[in-house]
Amino acid sequence: MRQARLILIVLGLCISGFSMAHEMRPALLELTEMQPGQYQILWKVPARGGKSLSIAPKLPPGCGHVSEPNVIATAGAFVRRWIVYCGDEGLAGRRITIVGLASKLTDVMVVQRPLNGQAVSTLIKPEQPWLEVGREPSSLETARRYTVLGVEHILLGVDHLLFVLGLLLIVRGGGSLVKTITAFTMAHSITLAAATLGLVNVPQAPVEAVIALSILFLATELVREETRAESLTRRFPWRVAFVFGLLHGFGFAGALSEVGLPQSDIPLALLTFNIGVELGQLLFIAAVWMLVRGAGQLLRTSPAWVPRLTAYGIGSVSSFWVIERVLSL
């Protein structure tokens, strides 16, 4: 058990350091047809440290600007809007390329809003950084894309991973851990569905700040564990996980709302995105378990200061996020 705790602690330090430098989100390209051949373009690209990701959409030849781009800086992104005219035939059947995407570790969600018809969402990935406009994806393609999007969101969402890792560090016993993770899963599934379907409307910026606070709470619980003080999470693990899981579900819903849902396949896209989130969470837990099993025999003891350093590492990262996200409100 001591070896397992040490490996989890080391993993916590690694993720804490990684999280200071990396927080990836997909870019968004919206094509809204205003009249035949004329489109309003919305391009939202992730930014960090005041600099945007160096990718850009390349429209087909013959598309000219009707209005110059209007650039707005938001929390964590740059948003550009402009209007183009692409001839009477419009963009149907033509190719849009995302320049620079092939060398990046992010995706682009394209939302097509035709003049007469339902919105269609398509995910562009680095291995195929282009899209044929007008082709509606099949249900199988939608399921695959939103499952992959859910997996990527949880595995690249370092704040969610830190919260799950905090639970793994605090909760003891296989049965208690299963109940705790199940409660967390059920809770964020409820709020993800409710927020995405419009049953509940919660502003995203405060939610992100409170999610950071939930990680800071677990960091303080870890400190209490090391000082042998009574821990609320140790006493009521699944209740704590359920309450904070509701908050994390609103965070997942915010990420999903940024990329949009296909109007013809909303239930399928929502279900498969949620399945993807759960698969990503299980992959992370399985990777931690395999690391513990594989390396546990190599580590016999751990220095007394390592557990507290881990708690302070997670606490420092979450405190930075709290300040950053509160200031962006």
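Basis of the calculations
Residues numbered from 1 in each chain as written. Predicted model: local features only at pLDDT ≥ 70, side-chain atom pairs only at ≥ 80, totals over all residues. Heavy atoms only, no water. Core = buried A, V, L, I, M, F, W, Y, C linked by side-chain atoms within 4.5 Å. Buried < 20%, exposed > 50% of the residue type's maximum accessible area, 1.4 Å probe, protein only. Helix = DSSP H or I, 4+ residues; strand = E, 2+ residues; numbered from the N terminus. Contact = heavy atoms within 4.5 Å. Patch = residues over 30% accessible without salt bridge, like charges linked within 9 Å, V, L, I, M, F, W, Y side chains within 5 Å. Areas by Shrake-Rupley, 256 points an atom, 1.4 Å probe, with all protein chains shown as cover. Salt bridge = Lys/Arg side-chain N within 4 Å of Asp/Glu carboxyl O. Pairing = 2+ DSSP bridges. Axes fitted to C-alpha atoms, helices over the stretch in contact; angles between N-to-C directions. Parallel < 35°, antiparallel > 145°, perpendicular 65-115°, else oblique. Nonpolar A, V, L, I, M, F, W, Y, C, P; charged D, E, K, R; others polar.

*Asks:* Please explain the nonpolar core as it appears in this structure.
*Replies:* The nonpolar side chains of a soluble globular protein tend to be buried with one another. Counting residues in each nonpolar core, the largest one holds 46 residues, and the members touching the most others are Y146 and F273. Broken down by element, the residue count for this core peaks at 10 residues, all from helix α3 (residues 158-170). When residues no more than four places from it in sequence are discounted, the contact partners of F273 are Y146, T147, L149, G150, H153, L192, F252 and L256. Ranked by size, the runner-up nonpolar core spans 22 residues in total, among them L31, I55, C63 and V110.

*Asks:* In this structure, what is going on with a nonpolar patch on the surface? I would like to understand it.
*Replies:* There is a patch of nonpolar side chains on the surface, built from L197, L199, V200 and V202 and spanning about 350 Å² of accessible area. The residue V200 is located in the loop between α4 (174-196) and α5 (204-226) in this model.

*Asks:* When you look at the sheet that holds strand β7 (residues 95-99) in this model, what are you seeing that I'm missing?
*Replies:* Two strands in a sheet stick together by hydrogen bonds in their backbones, pointing the same way (parallel) or opposite ways (antiparallel). An order of β4-β7-β10 is seen for the three strands of this open sheet, with the pairing classed as antiparallel. Edge positions in the sheet fall to β4 (56-58) and β10 (130-132), since each of these pairs with one other strand and no more. Geometrically, the sheet is characterised by an average inter-axis angle of 20° between neighbouring strands, direction not taken into account. Pairing of β7 with β10, which is carried by three bridges, proceeds in the antiparallel orientation. For I96, the partnering residue across the bridge sits in β10 and is L131.

*Asks:* Which parts of the structure should I look at to understand the packing of helix α2 (residues 139-156) against α3?
*Replies:* Angle between the axes and distance between the axes: these two values describe a pair of packed helices. Two elements in contact, α2 and α3, have axes separated by 5 Å at closest approach and are oriented at 70°. It follows from the interaxial angle that α2 and α3 lie roughly perpendicular. On α3, the residues that touch H153, I154, L155 and L156 of α2 are V158, H160 and L161. Among the residues forming the contact of α2 with α3, the class breakdown is five nonpolar, two polar and no charged.

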